[in-house]
Amino acid sequence: MVQFWVNEQEINIQDDEKRTYLLDYLRDVLKLTGTKRGCEEAVCGACTVLIDNEAKRSCRAKLSDLQGKHIVTVEGLVKDGEMDPVQKAFVECSAVQCGFCTPGMIMTAKALLLKNPDPSEEEIKKALKLNLCRCGTYPRVIKAIQRAAVVVRGETPEPYVAEDAAENNVIGKSVRRIDVEDKVTGKTVFYGDYYFDNMLYGKMVLSQYPHAKILSIDTTAAEQIPGVQLVLTAKDIPGNNIHGVLAKDQPVLAVDKVRYIGEPIVVVFAEDEETAQKGADAVQITYKELPGIFTIEEALAPDAPLIPNPELGPFWNAYAGEKGNICKEVHMYRGNIEEAFAQADVVVEEEFVVPPEEHAWMETDGAVSRMGENGKVLIYAPNQSPFADRDQLAPILNMDVDKIEVVHMPAGGAFGGKTELTTHAYVAIASLKTGRPAKMVLTRKETLRFHPKRHSYKMKYRVAANKDGKIQGMDIQILADGGAYISWSPRVVEQSVSFSTGPYYIPNLNVQATCVYTNNLIAGAMRGFGAGQSHFAAESTLDILSRKLNMDPITLREINALEVGVPAATGQIFTTGVGYKDTIQAIKKVVEEELLPLKQKGDHIGIGVASAWRSVAGGLGPDELAGAALDLLEGGKFILRVACTEMGQGSHTSLCQMVSEILDIDITDIEVDAGNTGTVPYGGGVMASRGVYLWGHPTIEASKKMRKLILEKGAAILGVDEDRLSLRNGFIVDKETGNQRLSFGELAAQSTEPLKIWVDFMMPKSCPVSENTNEDHAIDPKDYNVHHTVAYNTTAVAVAVDPETGNVTVLNCTMALDGGQIINPEAARTQIEGAIIMGMGYGMTNDFEIEKGINKTDTLGKCKVPRINDMPDSMKIIFVGDQDLTGPFGSKGVAEIGVLSVAPAITNAIYDAVGVRVNKLPVKKYLGGLLKK
């Protein structure tokens with residue numbers, strides 16, 4: 001027997017305990033789920049606890065080694081309902097986004113302050129260097145630990161003051177996020193934290209080859225293992241064995257062929273994970289390996305083996321074999337490109353290559369299911385598109401949509417990648433066949449093989465300009481590797497093309513993009529959605545052009561900048577919300593006053609600038625639906641029901657601010673029911689930076705209707721004219737006297753019927769991109785709206801480069817951003833700081849290596865995502881621009897725009913420092929070799 005204490009509770013482990021590690025015991029037995037599993041290799045820190053006041057990885061702490069030890073989890077830091085100073089500081093400093101890594105961060109910080117109550121910034125970074133946060137809250141974490149240290153030392157910290165964008169209204173105020181306290185105390189429930197009675201656990205059998213025929217599948221041995229309850233193959237799919245977000249081309253379970261190394265073939269469900277894995281290992285599959293296609297060039301070869309299944313096509317926006325291995329082609333042109341180059345004073349030609357990128361969220365893929373009433377199946381998953389998931393599941397399960405309820409769970413990171421089905425269908429089928437709850441949590445190795453990545457691109461850019469800096473033409477060729485199935489590739493390529501020029505007026509233009517099928521891992525949606533790749537090329541090319549012209553790169557951008565009334569690359573003419581020039585002016589001031597002086601501090605210090613633009617909401621033609629329901633509850637509180645899901649971006653808080661502004665209530669009086677398809681109005685996915693932008697519209701309308709309903713019902717109860725009444729601080733008040741007449745709680749109690757509002761909403765119709773950029777005015781220019789609106793930024797970076805080693809230190813990164821009216825500045829800054837760090841990772845270190853279709857990057861550590869000691873020495877966010885008339889309260893979105901300009905700004909700064917141009921990412925892979933040439 002082993003005796004130890006967890007949060008002051010005595011624990012006695014018997015000798016027959018089957019679990020080996022503390023993490024499993026905490027989660028599975030004690031149900032202390034604040035301690036997270038993220039990597040299985042002790043590199044992420046999500047599982048950190050205190051063992052005798054030392055920060056330890058519970059995934060590596062053996063139960064047999066815990067005799068006499070005292071263990072504290074994040075739940076145990078709360079004493080008598082009072083949060084620990086570290087937890088309080090994380091709340092006050094907004095040091096939380098998705099929250100999955102937060103408990104581990106807090107426990108590591110707690111251990112540091114127990115040893116050292118006055119740590120330096122470098123000591124904080126050293127202590128937390130093994131704690132990963134893919135959302136990039138590192139700057140806030142440092143502030144929080146410094147603030148908590150003041151309290152630990154017995155001193156009183158200065159009041160934390162956030163920078164607001166408004167003085168009086170709720171809109172523009174830095175309001176504390178509504179979910180943050182649950183995240184810092186371990187109360188937030190992620191899908192993997194669900195433990196239903198009598199639950200089954202599932203494990204997948206994935207393909208052993210990138211391309212092969214399946215000759216036979218023998219599950220006999222798996223079925224005979226004690227504890228195995230169900231083995232699923234394609235024949236067990238109740239409905240259609242096919243799915244896909246844009247086109248249904250991907251088998252739920254492979255039948256006769258596998259097209260990539262992550263293809264699922266069999267799923268085994270058993271009484272526990274260990275038995276399920278034994279069952280999966282016992283499945284015998286006989287393959288005949290087929291020649292694979294692993295490069296874009298191989299895919300386009302005339303005699304290349306065909307990867308897509310032509311029997312499934314044709315699709316509305318993708319090819320399925322009609323053009324060999326071409327998945328999607330997009331062409332966009334205007335003017336006379338040949339004449340532009342012939343008459344130009346300066347021509348620049350460059351080629352660029354960017355690799356795939358892994359999302360590397362801390363929470364691995366998976367889902368949980370159970371049976372509900374009347375034959376309904378409920379699926380709990382960290383999704384971005386619950387209704388789209390439900391609608392995809394219906395034909396797979398052969399069920400009506402009203403018999404399927406997808407329940408959105410807080411996502412432990414998403415970044416666009418949780419817009420597709422993962423294990424949803426498998427757990428649902430298991431529940432339908434057995435009547436029992438079912439759960440699948442993929443390992444990190446499985447996640448890395450299974451879910452789609454950012455597309456790898458090869459790009460050729462030619463730019464023609466006059467001596468005065470005016471760009472006369474751009475000729476752009478883009479080749480993208482889409483992997484084995486369609487996923488989001490058609491839309492990714494369309495968006496790439498739309499924003500391939502940068503935010504500039506280009507009078508003569510030719511853009512050709514081709515995406516191909518290969519036997520590499522699937523490529524899909526990731527933050528930036530195709531714009532990140534083309535921005536790297538476009539902004540690098542502009543920097544080269546500025547040097548060839550002997551012109552300041554900021555001036556070059558200013559000369560060619562888009563503004564209201566000037567056609568964008570697609571030909572669309574925006575009439576509001578074009579604040580790009582404001583971002584340039586803000587950065588120009590920073591460069592002159594703050595960054596240029598840095599160059600005097602040493603050799604090999606460089607400054608780089610890059611700009612970005614990106615649509616807010618999807619556009620390009622498809623309907624974009626949302627809705628909002630608002631109910632007045634007993635006691636006077638409200639519940640807002642929306643399909644808008646939460647992945648750490650803070651959209652729910654911003655939507656609550658809108659309700660608060662209109663109803664004049666405290667934000668704490670609003671609950672949010674989000675993404676449960678059984679209780680909220682229909683809505684599309686949360687992607688394309690549209691959470692606040694899309695759902696803000698119906699939220700405002702629902703709030704206005706609720707305000708009118710409250711006044712109407714209140715007037716009837718009070719027996720006065722409605723015009724005499726107003727709302728203030730949760731009360732119906734007399735306009736003239738200001739006297740409180742009726743609280744909202746009293747109104748709810750006295751009403752004869754529930755006070756509820758339900759609003760359905762659709763964005764104004766957008767258009768597909770016209771191939772000739774509507775140059776012929778086939779569509780009236782005022783109706784040619786390819787995108788609803790666009791966000792803009794300009795980024796300046798200062799770097800120091802060691803010419804001997806190629807080591808790059810980012811000294812400063814400043815971003816000026818036009819996001820319209822910023823609803824919650826503190827939340828927006830937190831998100832943009834994280835975007836900058838993610839953009840740094842994309843440019844500097846991230847390298848998802850695939851060799852002959854097999855991912856060599858097979859652990860989280862190998863993904864090389866930035867850690868706390870990789871962040872810039874300093875960062876600054878500047879909000880500029882005016883309200884956007886298309887947005888709710890004049891707002892736009894900021895989720896994606898922040899990641900796009902960082903990589904090219906860094907490579908431009910490297911050139912400024914050492915005169916070496918890096919045209920392939922990541923920098924750390926190539927810069928050293930370039931410096932030696």
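Model, not experiment: these values are computed from the prediction.

> Which residues make up the layout of surface pockets, and what values go with them?
Of the voids in this model, the second largest pocket is the one considered here, and its volume is about 1,000 Å³. As for the second largest pocket, its lining consists of 33 residues, and the residues nearest its centre are Asp24, Asp28, Arg37, Glu273 and Glu274. Those elements that provide at least two residues to the lining of the second largest pocket are α1 (22-29), β6 (200-206), α8 (273-282) and β17 (438-441). A per-element tally of the lining of the second largest pocket places α1 first, with four residues. Residues belonging to the lining of the second largest pocket are distributed by class as follows: ten nonpolar, five polar and 18 charged.

> So, the nonpolar core: which residues are in play, and what are the values?
Phe90 and Phe269 are the most contacted members of the largest nonpolar core, which has 248 residues in total. Among the elements that take part in this core, helix α19 (residues 691-718) stands out by supplying eleven residues, more than any other. The next biggest cluster of nonpolar side chains, apart from the first, holds 18 residues, and it includes Ile214, Val258, Ala280 and Val283.

> So what's going on with empty space enclosed by the protein? Residues and values would help.
Leftover empty space is mapped by rolling, across the atoms, a probe with the size of a water molecule. Using the criterion set out here, one finds ten cavities of 30 Å³ or more in the structure. The volume enclosed by the largest cavity comes to roughly 140 Å³. Around the largest cavity, the lining comprises 15 residues; the ones closest to its centre are His243, Gln250, Leu421, Thr422 and Phe450. The residue inventory of the lining of the largest cavity, partitioned by class, reads nine nonpolar, five polar and one charged.

> Explain helix α3 (residues 102-115) to me, and be specific about the residues and the numbers.
With 14 residues, α3 should cover 20 Å at 1.5 Å per step; its first-to-last C-alpha distance of 20 Å lies within 8% of that length. Among the 14 residues in α3, twelve count as buried, and that is most of the element. Those residues of α3 not exposed but buried are Thr102, Pro103, Gly104, Met105, Ile106, Met107, Thr108, Ala109, Lys110, Ala111, Leu112 and Leu113.

> Could you give an account of the sheet that holds strand β25 (residues 725-728), naming the residues involved and the relevant values?
Spatially, β25-β26-β27 is the arrangement adopted by the three strands of the open sheet, whose pairing is antiparallel. Pairing within the sheet leaves two strands with one partner each, and these edge strands are β25 and β27 (740-743). Put simply, the sheet's adjacent strands are angled 30 degrees from each other on average, direction ignored. Across four bridges, the pairing between β25 and strand β26 (residues 731-734) is antiparallel. Bridge pairing links Leu727 to Ile732 in β26.

> Talk me through the environment of Ser174; I want residue IDs and the actual numbers.
As for its placement among the helices and strands, Ser174 is situated in the loop between α5 (138-152) and α6 (180-185). Separated by 128 residues in sequence, Ser174 and Ala46 have C-alpha atoms that sit 28 Å apart. Setting aside residues up to four positions removed in sequence, Ser174 forms contacts with Ala162, Glu163, Asp164, Asn824, Pro825 and Glu826. At a separation of 3.0 Å, a polar atom in the side chain of Ser174 contacts the main-chain amide nitrogen of Glu826.

> Describe the sheet that holds strand β23 (residues 638-642), with residues and values.
In spatial order, the strands read β24-β23-β22-β28; together these four strands make up an open sheet with mixed pairing. In this open sheet, the two edge strands, each paired with only one partner strand, are β24 (670-674) and β28 (756-762). Recorded for the sheet is a direction-independent mean angle of 15 degrees between the axes of neighbouring strands. Contacts from helix α18 (residues 651-663) reach β22 (625-632), β23 and β24 within the one sheet, and its direction differs from that of β24 by about 135 degrees.

> Go over the side chain of His788 with me, naming the residues and quoting the values.
Tracing the sequence through the fold places His788 in the loop between β28 and β29 (789-801). At a separation of 2.7 Å, a polar atom in the side chain of His788 contacts the side chain of Glu624. Ignoring sequence-local partners within four residues, the contact set of His788 consists of Phe574, Val616, Ala617, Gly619, Glu624, Tyr693, Met763, Pro764, Ser766 and Thr886.

> Run through the environment of Glu82, naming residues and quoting values.
Note that Glu82 resides in the loop between β5 (70-72) and α2 (85-92). Residues Glu82 and Val590, 508 residues apart in the sequence, show an inter-C-alpha distance of 42 Å. In contact with Glu82, other than residues within four places in its own chain, are Leu77 and Lys88.

> Provide a residue-level description of unusual backbone geometry, including the pertinent values.
The residue after Gly313, namely Pro314, is reached through a cis peptide bond having omega 0 degrees. Relative to the helices and strands, Pro314 is located in the loop between α9 (296-300) and β12 (326-334). With an omega of 0 degrees, the peptide bond running from Leu921 to Pro922 counts as cis. Relative to the elements of secondary structure, Pro922 occurs in the loop between α23 (902-914) and α24 (923-932). With a phi close to 50 degrees, Thr773 is a non-glycine residue in the positive phi region. Relative to the helices and strands, Thr773 resides in the loop between β28 and β29.

> Give a detailed account of the packing of helix α15 (residues 531-548) against α23, specifying residues and quantitative values.
Orientation of α15 relative to α23, taken along the N-to-C sense of each, is 30 degrees, at an axis distance of 8 Å. Judged by the angle between their axes, α15 and α23 are roughly parallel. Of the two elements, α15 crosses α23, and the hand of that crossing is right-handed. In contact with His535, Phe536, Glu539, Ser540, Asp543 and Arg547 of α15, α23 contributes Ala903, Pro904, Thr907, Asn908, Tyr911 and Asp912. Across the contact of α15 with α23, the residue classes break down as four nonpolar, four polar and four charged.

> Let's hear about the environment of Phe269: which residues, and what values?
As for its placement among the helices and strands, Phe269 is situated in strand β10 (residues 264-270). The class of Phe269 is buried, set by a relative accessible area of 0%. Separated by 217 residues in sequence, Phe269 and Ile486 have C-alpha atoms that sit 29 Å apart.

> Let's hear about the pattern of salt bridges: which residues, and what values?
Under the criterion given, the structure shown has 61 salt bridges. Between Arg37 and Asp24 there is a salt bridge, with its nearest N and O atoms 2.2 Å apart. Of this pair, Arg37 sits in the loop between α1 and β3 (48-51) while Asp24 sits in helix α1; the two residues are 13 residues apart in sequence, bridging distant segments of the chain. By relative accessible area, Arg37 is classed as partly exposed at 27%. The shortest N-O distance in the salt bridge between Glu833 and Arg140 comes to 3.0 Å. Taken as a pair, Glu833 in helix α21 (residues 825-844) and Arg140 in helix α5 lie far apart in primary sequence, 693 residues in all. The class for Arg140 is buried, based on a relative accessible area of 2%. Each of the salt bridges in this network shares a partner with another, and the network as a whole consists of Asp543, Arg547, Lys599, Asp912 and Arg917.

> Describe the pairing of β26, naming the residues involved and giving the relevant values.
The turn linking β25 back onto β26 is made up of two residues, and Asn729 within it adopts a positive phi angle of 55 degrees. Where β26 hands over to β27, the hairpin turn is made up of five residues, of which Gly738 adopts a positive phi near 80 degrees.

> Give a description of the state of the cysteines that names residues and reports values.
A full pass over the atoms with the stated rule returns zero disulfides. Just so you know, Cys133 is unpaired, no disulfide at all, and the nearest cysteine sulfur is the one on Cys101, 3.7 Å from it. Here Cys133 falls in the buried class, since its relative accessible area comes to 4%. Considering cysteine sulfurs only, Cys133 is the nearest to Cys813, which forms no disulfide, with 17 Å between them.

> Describe the packing of aromatic side chains, with residues and values.
If you walk through the whole model with that rule in mind, you get 15 aromatic pairs. On the numbers, 4.7 Å between centres and 45 degrees between planes, the contact of Phe387 with Tyr682 is tilted. Of this pair, Phe387 sits in helix α11 (residues 386-397) while Tyr682 sits in the loop between β24 and α19, placing them 295 residues apart in sequence. Overall, the relative accessible area of 3% leaves Phe387 in the buried class. On the accessibility criterion, Tyr682 (34% relative accessible area) is partly exposed. Measuring from ring centre to ring centre gives 5.7 Å for Phe638 and Phe744, while their planes differ by 90 degrees; the resulting arrangement is edge-to-face. On the criterion of sequence distance, the pair formed by Phe638 in strand β23 and Phe744 in helix α20 (residues 744-750) is long-range, its members being 106 residues apart.

> For the packing of α5 against α21, give the residues involved together with the corresponding values.
Helix packing for two helices is described by the angle between their axes and how far apart those axes are. Between α5 and α21, the shortest axis-to-axis distance is 8 Å and the interhelical angle comes to 120 degrees. Between α5 and α21, the angle is such that the two are oblique. Residues Tyr138, Pro139 and Arg140 of α5 form the contact with α21, whose participating residues are Glu826, Arg829, Thr830, Glu833 and Ile837. Among the residues forming the contact of α5 with α21, the class breakdown is three nonpolar, one polar and four charged.

Scoring rules and cut-offs
Per chain, the residues get numbers from 1 upward, laid out in the order the sequence is written. Given that this is a predicted model, residues contribute local features only at a pLDDT of at least 70 and side-chain atom pairs are listed and counted only at 80 or more, while totals for whole chains, interfaces and linings are drawn from all residues. With hydrogens and water excluded, all non-hydrogen atoms of the structure serve as input to the side-chain values. In this analysis, the protein atoms alone were mapped onto a 1 Å grid. Cavities are point sets where a 1.4 Å probe fits without being able to get out; pockets are open sets with protein on both sides within 12 Å along at least five of seven lines; lining residues have an atom within 4 Å of a point. Grid points are joined across faces, edges and corners, and a volume is the space filled by probe spheres set on the points. Here a helix means four or more residues in a row that DSSP labels H or I, a strand means two or more in a row labelled E, and each is numbered from the N terminus. Here the nonpolar group is Ala, Val, Leu, Ile, Met, Phe, Trp, Tyr, Cys and Pro; Asp, Glu, Lys and Arg are the charged ones; every other residue, Gly included, is treated as polar. By convention a nonpolar core is built from buried Ala, Val, Leu, Ile, Met, Phe, Trp, Tyr and Cys residues, the set being connected through side-chain atoms within 4.5 Å. In this scheme, a residue with accessible area under 20% of its type's maximum is buried, one over 50% is exposed, and one in between is partly exposed, where area comes from a 1.4 Å probe on protein chains only. Given the number of residues in a helix, its expected span is that number minus one, multiplied by 1.5 Å. Think of it this way: DSSP has to see at least two bridges between two strands before they count as a pair. Angles shown run from 0 to 180 degrees and are taken between the N-to-C directions of axes, each axis being a line fitted to C-alpha atoms and, for helices, limited to the stretch in contact. Contacts are assigned to residue pairs that have any heavy atoms within 4.5 Å of one another. We define a polar contact as two N or O atoms separated by no more than 3.5 Å, with the added condition that, inside protein, one atom must be a possible hydrogen donor and the other a possible acceptor, whereas residues neighbouring each other in sequence contribute only through side-chain atom pairs. Note that the term roughly parallel is reserved for angles under 35 degrees, roughly antiparallel for angles over 145, roughly perpendicular for angles of 65 to 115, and oblique for everything else. Should the near helix be turned anticlockwise from the far one by less than a right angle, the crossing is termed left-handed; should it be turned clockwise, right-handed. Counted as salt bridges are all cases of a side-chain nitrogen of Lys or Arg within 4 Å of a carboxyl oxygen of Asp or Glu. Two cysteine sulfur atoms make up a disulfide if the distance between them is within 2.5 Å. By convention, a stacked pair of Phe, Tyr or Trp rings (six-membered ring in the case of Trp) has centres within 6.5 Å and planes under 30 degrees apart, an edge-to-face pair has planes over 60 apart, and any other such pair is tilted.

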